[in-house]
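# Topology and contacts: notes
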Amino acid sequence: MGVLVGAVQRGDPLADPLAFAGSIFVLLQVLSPIHQAVSANLGDRTAHGSTTGSPRLRAPAGHGHLEDPALTSDLTVARDFDLG
């Protein structure tokens, strides 16, 4: 925007600054939904891996570890984070 405003104030041709500002605008419009989709996918994979005992996350199989009182506060924080 600053380049475009500067070109207007100086009376320079506007084709290049306007094309630059327009291309940045379109790029931001395209990247935002892609970023949201990738983030949602990663969040779903992480949530699924933590509940199924995925070896990638090194979580123990089963639910016995969930009954450990030492993990209660950590699990509460993780649940609240997952809820948004």
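Just so you know, these numbers come straight off a predicted model, no measurement behind them.

Here is what the cut-offs are and how they apply
Residues numbered from 1 in each chain as written. Predicted model: local features only at pLDDT ≥ 70, side-chain atom pairs only at ≥ 80, totals over all residues. Heavy atoms only, no water. Buried < 20%, exposed > 50% of the residue type's maximum accessible area, 1.4 Å probe, protein only. Helix = DSSP H or I, 4+ residues; strand = E, 2+ residues; numbered from the N terminus. Arc of directions from axis to C-beta. Salt bridge = Lys/Arg side-chain N within 4 Å of Asp/Glu carboxyl O.

This part is about helix H1 (residues 2-10). By the burial criterion, the buried members of H1 are Leu4, Gly6 and Ala7. Buried positions in H1, seen along its axis, are confined to an arc of 165° and lie on one side of it. Seen from the open side of H1, the exposed residues pointing more than 90 degrees away from its buried face are Gly2, Val8 and Gln9. In the segment just after H1, Gly11 is the residue with positive phi, at about 80°.

Below, the discussion takes up the pattern of salt bridges. Think of it this way: side chains of opposite charge can pair up when their charged atoms draw near. Under the criterion given, the structure shown has one salt bridge. Residue Asp12 pairs with Arg10 through a salt bridge whose shortest N-O separation is 2.8 Å.

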